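The chain contents come next:
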Amino acid sequence: MRGKAKNITTVGMLCALAYAAAAMGRVPLVLFLKYDPKDIIIAVGGLIFGPLTSFAVALTVSLIEMFTISETGILGFAMNVISSCSFACTASYIHKRRPAFAGAVAGLLWGWACMVLVMLLWNYLLAPIYMGCSREDIVELLLPAFLPFNLIKGGLNAAFTLLLYKPITQALRRSEKHA
């Protein structure tokens, strides 16, 4: 029972941190696209606790964002979940299969690539709806706007996750020894 309560508390803290990062760390980059660092926290949580944690945090934070700080409603919610999960769940799944630092690196690189490709597809499918323009207009934006945004976003998320992952896991190991 104690382990279950600890896990729930940890996931709750990851949700709170990821939401704070999304709310306070938004940086406009291209068009309406804003970078926020929440996926770093979602990915670190997934690397430590597994892909299901990444999914739960991404879903929870995106839902809270939809009702508080998002301007894109249900479509923004869907895009946030898809983007966060394609990055963090992929990274954490690969790391779970290869639980060493090299597995974390490989997972983050594959997560980055997956997120870029998945978001190009979903921007093609959904952006015409929330931008109120034709699919042809979106096709013209895929390479000059959506691709660079997702490359930058994924690269920043992978790099910062990699920088934070090892110190966080070491701190967790030390705290468990003293508990």
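Residues numbered from 1 in each chain as written. Predicted model: local features only at pLDDT ≥ 70, side-chain atom pairs only at ≥ 80, totals over all residues. Heavy atoms only, no water.

**Student:** How would you explain the nonpolar core if you had to name every residue and give the values?
**Tutor:** Of all hydrophobic cores here, the largest spans 37 residues; its most connected members are Ala18, Ile42, Val57, Phe87, Leu108 and Phe146. Elements with a minimum of two residues in this core: α1 (2–24), β2 (33–35), α2 (38–49), α3 (51–68), α4 (73–97), α5 (101–131) and α6 (135–177). (Core = buried A, V, L, I, M, F, W, Y, C linked by side-chain atoms within 4.5 Å. Buried < 20%, exposed > 50% of the residue type's maximum accessible area, 1.4 Å probe, protein only. Helix = DSSP H or I, 4+ residues; strand = E, 2+ residues; numbered from the N terminus.)

**Student:** Describe α4, listing the residues and the values that go with them.
**Tutor:** For α4, built from 25 residues, the straight-helix expectation of 36 Å at 1.5 Å per residue is met to within 8% by its first-to-last C-alpha distance of 35 Å. Within α4, the axis deviates most sharply at Cys85, by approximately 30°. (Expected span 1.5 Å × (residues − 1). Bend = angle between axes of the 7 residues up to and from the residue.)

**Student:** Please give an account of the packing of aromatic side chains that cites residues and values.
**Tutor:** Tallying each qualifying case throughout the model produces two aromatic pairs. When the ring of Phe32 is compared with that of Tyr130, the centres are 5.4 Å apart and the planes differ by 85°; the resulting orientation is edge-to-face. Taken together, the residues Phe32 in the loop between β1 (27–30) and β2 and Tyr130 in helix α5 connect sequence positions 98 residues apart. Owing to a relative accessible area of 30%, Phe32 belongs among the partly exposed residues under this scheme. Here the aromatic residues Phe32, Tyr130 and Phe146 are joined through ring pairs into a cluster of three or more. A cation over a ring is seen here: Arg135 above Tyr124, with NZ or CZ 5.0 Å from the ring centre. Over the ring of Phe101 we find Lys166; its NZ or CZ atom is 5.2 Å from the centre of that ring. (Phe/Tyr/Trp six-rings, centres within 6.5 Å; stacked < 30°, edge-to-face > 60°. Lys NZ or Arg CZ within 6 Å of the ring centre and 35° of its normal.)

**Student:** Break down a positive patch on the surface for me, citing the residues and quoting the values.
**Tutor:** A cluster of like positive charges, contributed by Lys166, Arg173, Arg174 and Lys177, occupies part of the molecular surface. Judged by relative accessible area, Lys166 falls into the partly exposed class, the value being 42%. (Patch = residues over 30% accessible without salt bridge, like charges linked within 9 Å, V, L, I, M, F, W, Y side chains within 5 Å. Areas by Shrake-Rupley, 256 points an atom, 1.4 Å probe, with all protein chains shown as cover. Salt bridge = Lys/Arg side-chain N within 4 Å of Asp/Glu carboxyl O. Lys, Arg positive; Asp, Glu negative; His and termini not counted. Charge placed at Lys NZ, Arg CZ, Asp CG, Glu CD.)

**Student:** If you had to explain the packing of α4 against α6 to someone new, which residues and values would you point to?
**Tutor:** Direction vectors running N to C along α4 and α6 enclose 40°, while the axes themselves pass 12 Å from each other. As far as their axial angle goes, α6 and α4 are oblique. Considering only the axes of α4 and α6, their crossing is right-handed. Facing Ser83, Phe87 and His95 of α4, the residues of α6 in contact are Lys153, Gly154, Asn157, Ala158, Thr161 and Tyr165. (Axes fitted to C-alpha atoms, helices over the stretch in contact; angles between N-to-C directions. Parallel < 35°, antiparallel > 145°, perpendicular 65-115°, else oblique. Left-handed = near helix turned anticlockwise from the far one by under 90°. Contact = heavy atoms within 4.5 Å.)

**Student:** An account of the pairing of β1 is needed here, citing residue identities and associated values.
**Tutor:** With three bridges connecting them, β1 and β2 associate as antiparallel partners. Across the sheet, residue Val27 finds its bridge partner in β2, namely Tyr35. Count of turn residues in the β1/β2 antiparallel hairpin: two residues, of which Leu31 carries a positive phi of about 50°. (Pairing = 2+ DSSP bridges.)

**Student:** Requested: an account of the state of the cysteines, with residues and values cited.
**Tutor:** By definition, a disulfide links the sulfur atoms of two cysteines through a covalent bond. Within the structure shown, the criterion is met by zero disulfides. Not engaged in a disulfide, the cysteine Cys15 finds its nearest cysteine sulfur in Cys85; these two sulfurs lie 12 Å apart. Since its relative accessible area comes to 10%, Cys15 is described here as buried. Between Cys114, a free cysteine, and Cys89, which holds the nearest cysteine sulfur, the sulfur-to-sulfur gap is 9.6 Å. (Disulfide = S-S within 2.5 Å.)

**Student:** Give me the lowdown on the environment of Tyr93, citing residues and values where you can.
**Tutor:** Mapped onto the secondary structure, Tyr93 falls in helix α4. Sequence separation of Tyr93 and Leu125 is 32 residues, and the distance between their C-alpha atoms is 26 Å.

**Student:** Any details on α2? Residues and values, ideally.
**Tutor:** If you check α2, its first and last C-alpha atoms are 17 Å apart, about what 12 residues at 1.5 Å a residue would give, namely 16 Å. In terms of burial, α2 is a largely internal element, 10 of the 12 residues being buried. Every buried residue of α2 is accounted for by Lys38, Asp39, Ile40, Ile41, Ile42, Ala43, Val44, Gly45, Gly46 and Leu47. Of the residues flanking the end of α2, it is Gly50, one or two places downstream, whose phi is positive at about 110°.

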